[in-house]
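Residue strings, one per chain:
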Amino acid sequence: MDKANVRRLFFSYLWITLASAVYALGFDWCYVPNQIGFGGITGVGQIINHFLPIAPIGGVVIVLNVPLFLLGWRLLGGHLLFSSLYAMFISSVFVDLFAALIPFQSMDPMLATIFGGLLIGLSLGVVLLQGATTGGTDLLARLLKLKISWLPMGKLLMAVDLVVIAAVALTFQNFSSALYGVVSLYIASVSMDMVLYGMDQAKVAYIISSHPKEVSQAILGELDRGVTVLHGMGAWSGEEKKVLLCAFKQRQIVPLKRIIRSIDPEAFLIVCNAHEVLGDGFRSYQQNEL
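Because the structure is predicted, anything quoted here is derived from the model rather than measured. (Residues numbered from 1 in each chain as written. Predicted model: local features only at pLDDT ≥ 70, side-chain atom pairs only at ≥ 80, totals over all residues. Heavy atoms only, no water.)

Chemist: Where do I start with helix α10 (residues 253-263) in this structure?
Modeler: Every α-helix winds through 3.6 residues per turn, so residues three or four apart in the chain are directed the same way. Within the span of α10, buried status applies to Ile253, Leu256, Ile259 and Ile260. Each buried residue of α10 lies within a common arc of 125° when the element is viewed along its axis, so the set occupies one face. Of the residues in α10, the exposed ones pointing more than 90 degrees away from the buried face are Val254, Arg261 and Ser262. Elements that come into contact with the buried residues of α10 comprise β1 (202-208), α9 (212-223), β3 (240-249) and β4 (268-273). (Buried < 20%, exposed > 50% of the residue type's maximum accessible area, 1.4 Å probe, protein only. Helix = DSSP H or I, 4+ residues; strand = E, 2+ residues; numbered from the N terminus. Arc of directions from axis to C-beta. Contact = heavy atoms within 4.5 Å.)

Chemist: Could you clarify how one ought to interpret helix α2 (residues 40-51) in this entry?
Modeler: Its 12 residues give α2 an end-to-end C-alpha distance of 18 Å, which sits within 8% of 16 Å, the value for a rise of 1.5 Å per residue. Within α2, burial applies to Gly40, Ile41, Thr42, Gly43, Gly45, Gln46 and Ile47. (Expected span 1.5 Å × (residues − 1).)

Chemist: Even after reading the chapter, I still don't get the UniProt feature "transmembrane region" (unreviewed entry) in the protein, so can you show me in this structure?
Modeler: UniProt feature "transmembrane region" (unreviewed entry): in the numbering of this structure it lies at residues 50-73, 85-104, 110-129, 150-172 and 178-199. Here residues 85-104 is 85% helix and 0% strand, with 27 Å between the C-alpha atoms at its ends. Along residues 110-129, the helical share is 100% and the strand share 0%, with 28 Å between the first and last C-alpha atoms. (UniProt positions renumbered as here; feature names shortened; annotations may be inferred.)

Chemist: Just to check I follow, could you spell out the sheet that holds β4 for this structure?
Modeler: Each strand in a sheet pairs with its neighbour through backbone hydrogen bonds, running either in the same direction (parallel) or in the opposite one (antiparallel). On the basis of which strands lie adjacent, the open sheet formed by 4 strands has the order β2-β3-β1-β4 and antiparallel pairing. Looking along the sheet, the strands with just one partner apiece sit at the ends: β2 (228-233) and β4. Averaged over all pairs of adjacent strands, the angle between their axes in this sheet comes to 25°, without regard to strand direction. Relative to β3, β1 runs antiparallel, the two sharing 7 bridges. Looking at the pairing, Ala202 lines up with Lys249 of β3. (Pairing = 2+ DSSP bridges. Axes fitted to C-alpha atoms, helices over the stretch in contact; angles between N-to-C directions.)

Chemist: Just to check I follow, could you spell out the layout of surface pockets for this structure?
Modeler: One simple way to see leftover space: roll a probe sized like a water molecule over the atoms. In this structure, the second largest pocket occupies an estimated 280 Å³ of space. Forming the walls of the second largest pocket are 16 residues, and the residues nearest its centre are Asp28, Val32, Pro33, Asn49 and Ile57. Those elements that place two or more of their residues in the lining of the second largest pocket are α2 and α4 (78-101). (1 Å grid on protein atoms, 1.4 Å probe; cavity = no way out; pocket = protein on both sides within 12 Å on 5 of 7 lines; lining within 4 Å. Points joined across faces, edges and corners; volume = space filled by probe spheres on them.)

Chemist: Any chance you could explain the packing of aromatic side chains here in plain terms?
Modeler: Aromatic rings in a pair are described by how distant their centres are and how their planes are angled relative to each other. Per the counting criterion, the structure on display carries 4 aromatic pairs. With 5.2 Å between their ring centres and 65° between their planes, Tyr13 and Tyr86 make a pair best called edge-to-face. On the criterion of sequence distance, the pair formed by Tyr13 in helix α1 (residues 3-31) and Tyr86 in helix α4 is long-range, its members being 73 residues apart. Classification of Tyr13 by relative accessible area gives buried; the value is 16%. Residue class for Tyr86 comes out partly exposed when judged on its relative accessible area of 27%. The interplanar angle of 25° and the centroid separation of 5.6 Å between the aromatic rings of Phe94 and Phe98 together place this pair among those described as stacked. Of the two residues, Phe94 and Phe98 are both situated in helix α4; the distance of 4 residues between them amounts to about one turn of the helix. Judged by its relative accessible area of 16%, Phe94 is buried. We classify Phe98 as buried; its relative accessible area is 17%. (Phe/Tyr/Trp six-rings, centres within 6.5 Å; stacked < 30°, edge-to-face > 60°.)

The structure is reproduced here in structure tokens:
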């Protein structure tokens, strides 16, 4: 293995370690002391720990993940499985370590719900970006993603976790626990999808102008963005139009408007959010894309 791959692997596992620590902090700080319903295998660990206090949550999570990792071996391959084993192990260790070292106190349940969801969602998003999972329902959602590729990971994970949250609420005999858990799970799923899909901050512009050549040349020269010419026709006038299609970064919206306004103040401009943009100048294609 050359130095570049070693360096990439080192930083990948460093990110997994840091994200796992944030994950454990969010769980021990926000969920446990406030008895907020938590999904996944960690939520099952909460239930078992409630009835069997001598069983640490992190240890229970490791044991329950064994069959899921055996299932994922053939479907996901060795690299993802090994990195997921590491993420699951280190996050479980952090959960038990923080619980033993820091006496976390309960706080306002809504604050715990919001910040717990943010910490969990952002950390899981970082782990998934490194080609790993923290095991449990994260791994189950990753397996389901192979069959339901059109559904975002955050929404898929939320669907899987809802059942466990209901069970946690029944265990603590607290319906509010389930409601807070559902809100926190939604925040976590949105945060995760933002990390996985929203970092590009890409936009798509449709431009209808009387000076399409000048506008496209200015975009190419000043913004260094490609332009595709589409052929359209006005429904009322029957006049043929050239529609310019351009994908660009969020930060380029102001200079794009300035270019269009300076060349053709009467131009018609439509700007749309782009869920993902792959290709030159944006993200590259990845195998087993999330």
